[in-house]
Amino acid sequence: MTPTYNFAFLDENTKRMLRRALLKAVAIPGYQVPFGSREMPLPYGWGTGGIQVTAALLGPDDVLKVIDQGADDTTNAVNIRRFFARTAGVATTERTAEASVIQTRHRIPETPLREDQILVFQVPEPEPLRTLEPREAETRTMHALADYGLMHVKLYEDIAQYGHIATSYDYPVLVDGRFLTSPSPIPKFDNPKLDHSPALMLFGAGREKRLYAIPPYTQVESLAFDDHPFEIQRWEHQCALCGSGESYLDEVVVDDCGTRMFVCSDTDYCGEHLAEAVA
Amino acid sequence: MNALLQVRKLSRHYGQRIGCQDVSFDLHPGELLCIVGESGSGKSTLLNTMAAQLAPSAGSIRYRQKNDAWLELDALSEADRRRLAREEWGFVTQNPRDGLRLNVSAGANVAERLMALGMRDYGRLREIASSWLARVEIDPLRIDDAPTSFSGGMQQRLQIARTLVTQPRLVFMDEPTAGLDVSVQARILDLLRRLVNELGLAAVMVTHDLAVARLLAARTMVMQGGCVVETGLTDQILDDPQHPYTQLLVSSVLTT
């Protein structure tokens, strides 16, 4: 741990501001709480929102896991994990089951989460209506009045153009029957894991300066039409490494001839599944 | 019969300038009222104020809801105003590009208000959208086309379908046929007259074209400089104008 930094990089007043915003976010599930986003030693779009939320949460006894698209060993994940190891001296892990705080970019771990775990999402665009309605004043009014018909216009367009709801990530959800919320760009495969999750889910958008939360055991409904219900992705393949048929698979091109293989996107889950199979 | 909309002493000022001044009238269910006058006479200001899109400077507007309860529009909250605009009213703008959502298909445009009311059955939405396209004489095969690929007249008809799909009780129209050529205008007017009769809706239409008033409206209001100078049955006003300005207006219509 580098002693010249305050514990977990941010000063205590900033952490207090963040914690107050987080308490408000938990009190109003799905509501986007504005907060004073600080400049962090990494660029916008690399997880400045998530890293600030994590910094406000961490205590000396926490065990941190960081994943990027499910993997523990990609640049973003390695950097953020090392950042907190240096500035907070907390223990880090790659095992989902051992972590108390998990910061994630674009995935929810396959291993079911528990009540004593917190999942922190990095969010590029917290406003699910933004692509449909560019005016911030208008989207805030729409949230205030729960005027969400517009979101279905997008789903309608999907079906009209592609024959099915083609939105495959950042699939809009209604939290606690009230606030339309972006689940961050997780694949819609992960949406069912949000519903009544035992773990607290916190979302931070650093550039847009917004926080929001899905508290434990909160109803999270993925929007759909009666005759075109919500569906998650399915594969005809199994993971080429561990043989799992239940996890989210990445398609990887392995040579110049277009040969592909499908592997688990969650590296920890894949490793454990493989170890179980060997044993 | 009870009025649907009661306007009393309505004024709207832009600072020192007058938008419209001391306008009073009743609108009854099933009635189509035309507001005529030259450019800048306050027609659109009056229409926007009635539709609660502009706040009145003085005067009152009352609207009778489905349950027969009167609603004071100046005391209306934003939530109620939006609900009213979504469920019981419609607004057709002069430029269809202002009233349409240009980045989604024609079908989505028509179905949007239904989805806002909570309809969640894609097949049914599609059915209604395509029947409304047919009703406004747009080929239902073009349901998935972007409105930008439509001609001006088709866009205006699409906007009418989009507005009327929820069967509003009251529709505001701001020069819906301005900027269209004469034959297209005639078809749209014919369509409007048919739909207004079929649906039995009340409508207020702003126009500077007296022929439009003659064709559609039972009653006409003539405005000049923000004030109503003459009001009465359309035929009466056009055939026997009393006010000097109305006389000027009627006599300046070109006849071919």
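Scroll up to find the structure this text is about.
Report on the accompanying structure.

About the cut-offs
- Residues numbered from 1 in each chain as written.
- Chains lettered and ligands numbered in written order.
- Predicted model: local features only at pLDDT ≥ 70, side-chain atom pairs only at ≥ 80, totals over all residues.
- Heavy atoms only, no water.
- Buried < 20%, exposed > 50% of the residue type's maximum accessible area, 1.4 Å probe, protein only.
- Helix = DSSP H or I, 4+ residues; strand = E, 2+ residues; numbered from the N terminus.
- Arc of directions from axis to C-beta.
- Contact = heavy atoms within 4.5 Å.
- Core = buried A, V, L, I, M, F, W, Y, C linked by side-chain atoms within 4.5 Å.
- Pairing = 2+ DSSP bridges.
- Axes fitted to C-alpha atoms, helices over the stretch in contact; angles between N-to-C directions.
- Parallel < 35°, antiparallel > 145°, perpendicular 65-115°, else oblique.
- Left-handed = near helix turned anticlockwise from the far one by under 90°.
- Phe/Tyr/Trp six-rings, centres within 6.5 Å; stacked < 30°, edge-to-face > 60°.
- Lys NZ or Arg CZ within 6 Å of the ring centre and 35° of its normal.
- Buried area = accessible area lost by both parts, 1.4 Å probe.
- Salt bridge = Lys/Arg side-chain N within 4 Å of Asp/Glu carboxyl O.
- Polar contact = N/O pair within 3.5 Å; in protein donor to acceptor, adjacent residues only side chain to side chain.
- Nonpolar A, V, L, I, M, F, W, Y, C, P; charged D, E, K, R; others polar.

This paragraph deals with helix H10 (residues 244-251) of chain B. All names here are of chain B. Within H10, the full set of buried residues consists of Tyr245, Thr246 and Leu249. Around the axis of H10, the buried residues are gathered within 95° of arc, so they sit on the same side. Turned more than 90 degrees away from the buried face of H10 sit Pro244, Leu248 and Ser251, all of them exposed. Of the surrounding elements, those touching the buried residues of H10 are strand E3 (32-36), helix H8 (210-216), strand E9 (219-224), strand E10 (227-233) and helix H9 (234-239).

Let us look at the nonpolar core. If you look at the biggest cluster of nonpolar residues, it comprises 69 residues, and the most contacted ones within it are Tyr156 and Phe225 of chain A together with Leu32, Val110, Trp132, Leu158 and Met205 of chain B. In terms of residues, this core owes the most to one element, helix H5 (residues 149-162) of chain A, which gives seven residues. Within the second largest apolar cluster, 30 residues are counted, among which are Leu46, Leu71, Leu84 and Phe172 of chain B.

Residues and elements named next belong to chain B. Positive phi outside glycine occurs at Asp68, with the angle close to 70°. As for its position among the elements, Asp68 is in the loop between strand E4 (58-64) and strand E5 (70-72). A relative accessible area of 47% means that Asp68 is categorised as partly exposed. Residue Gln167 is not a glycine yet carries a positive backbone phi of 50°. One can find Gln167 in the loop between helix H6 (152-164) and strand E7 (170-174).

What follows deals with the pairing of strand E4 (residues 101-105) of chain A. Residues and elements named next belong to chain A. Most of E4 sits inside the fold, with four of its five residues counted as buried. In terms of strand pairing, strand E2 (residues 63-68) meets E4 through five bridges, oriented parallel. Within E4, the position partnered with Val66 by the bridge is Gln103. Bridge count between E4 and strand E5 (residues 118-122): four bridges; the pairing is parallel. Bridge pairing in E5 links Thr104 to Phe121.

On to the side chain of Glu88 of chain B, then. Residue and element names in this part refer to chain B. Inspection of the secondary structure puts Glu88 in the loop between helix H2 (78-87) and strand E6 (89-92). Using a relative accessible area of 5% as the deciding quantity, one classes Glu88 as buried. Excluding residues within four positions of it along the chain, Glu88 makes contact with Tyr63, Gln65, Lys66, Arg83, Pro168, Arg169 and Leu170.

Relative to the helices and strands, Arg81 of chain B resides in helix H2. Once the C-alpha coordinates of Arg81 of chain B and Gln247 of chain B are considered, the two residues, 166 residues apart in sequence, prove to be 39 Å apart.

Orientation of H5 of chain A relative to helix H4 (residues 106-116) of chain B, taken along the N-to-C sense of each, is 140°, at an axis distance of 9 Å. In terms of their interaxial angle, H5 of chain A and H4 of chain B are classed as oblique. For the pair H5 of chain A and H4 of chain B, the crossing hand works out as right-handed. Of H4 of chain B, the residues touching H5 of chain A (which contributes Gly149, Leu150, His152, Val153, Tyr156 and Glu157 of chain A) are Gly107, Ala108, Ala111, Glu112, Met115 and Ala116 of chain B.

By way of backbone hydrogen bonds, the strands of a sheet pair with one another, either parallel or antiparallel. Residue and element names in this part refer to chain B. The six strands are arranged E6-E7-E8-E3-E9-E10 in an open sheet whose pairing can be described as mixed. Looking at which strands have only one partner, the edges of the open sheet turn out to be E6 and E10. Taking each pair of neighbouring strands and ignoring which way they run, the sheet shows an average axis angle of 15°. Pairing between E3 and E9: four bridges, direction parallel. Bridging from a neighbouring strand, Cys34 pairs with Thr220 of E9. Sitting on the sheet, H10 touches E3, E9 and E10, and the angle it makes with E9 is about 105°.

With that settled, the discussion passes to the packing of aromatic side chains. As enumerated under the stated definition, the model contains 15 aromatic pairs over all chains in all. Measuring from ring centre to ring centre gives 5.1 Å for Phe83 of chain A and Phe84 of chain A, while their planes differ by 75°; the resulting arrangement is edge-to-face. With a relative accessible area of 0%, Phe84 of chain A lands in the buried category. Measuring from ring centre to ring centre gives 4.7 Å for Phe203 of chain A and Tyr212 of chain A, while their planes differ by 5°; the resulting arrangement is stacked. Accessibility classification places Phe203 of chain A together with Tyr212 of chain A in one group, the buried group. Cluster of aromatic residues (ring-pair linked, three or more members): Tyr5, Phe9, Phe83 and Phe84 of chain A. Seen from the ring of Phe179 of chain A, Arg178 of chain A lies directly overhead, with NZ or CZ sitting 4.3 Å from the centre. In this arrangement the basic side chain of Arg135 of chain B is found over the ring face of Trp132 of chain B, its NZ or CZ atom lying 4.4 Å from the centre.

In this section: the environment of Ile138 of chain B. All names here are of chain B. With respect to the helices and strands, the residue Ile138 is situated in the loop between helix H5 (122-135) and H6. In this structure Ile138 comes out as buried when scored by relative accessible area, which is 2%. Measuring from C-alpha to C-alpha, the distance between Ile138 and Met154 comes to 6.9 Å, with 16 residues separating the pair along the chain. Sequence-distant contacts of Ile138, that is, excluding residues within four places in its chain, are made with Leu133, Phe150, Met154, Arg157 and Leu158.

Now for the interface of chain B and chain A. On the chain A side, the residues contacting the 21 residues of chain B number 19 residues. Interface area for chain B against chain A, summed over the two sides, is near 1800 Å², with a carbon-plus-sulfur share of 59%. The largest share of the area that chain B buries against chain A comes from Arg82, Arg120 and Tyr122 of chain B, three residues that together contribute 41% of it. Here chain B and chain A share three salt bridges between them. At the surface where chain B touches chain A, the tally comes to nine residue pairs in polar contact (both at pLDDT 80 or more). Of all the secondary structure elements, the ones that give two or more residues to the side of chain B that touches chain A are H2, H4 and H5 of chain B. Here the side of chain B that touches chain A gets six residues from one element, more than from any other, and that element is H4 of chain B. For the side of chain B that touches chain A, the class distribution of residues is nine nonpolar, three polar and nine charged.

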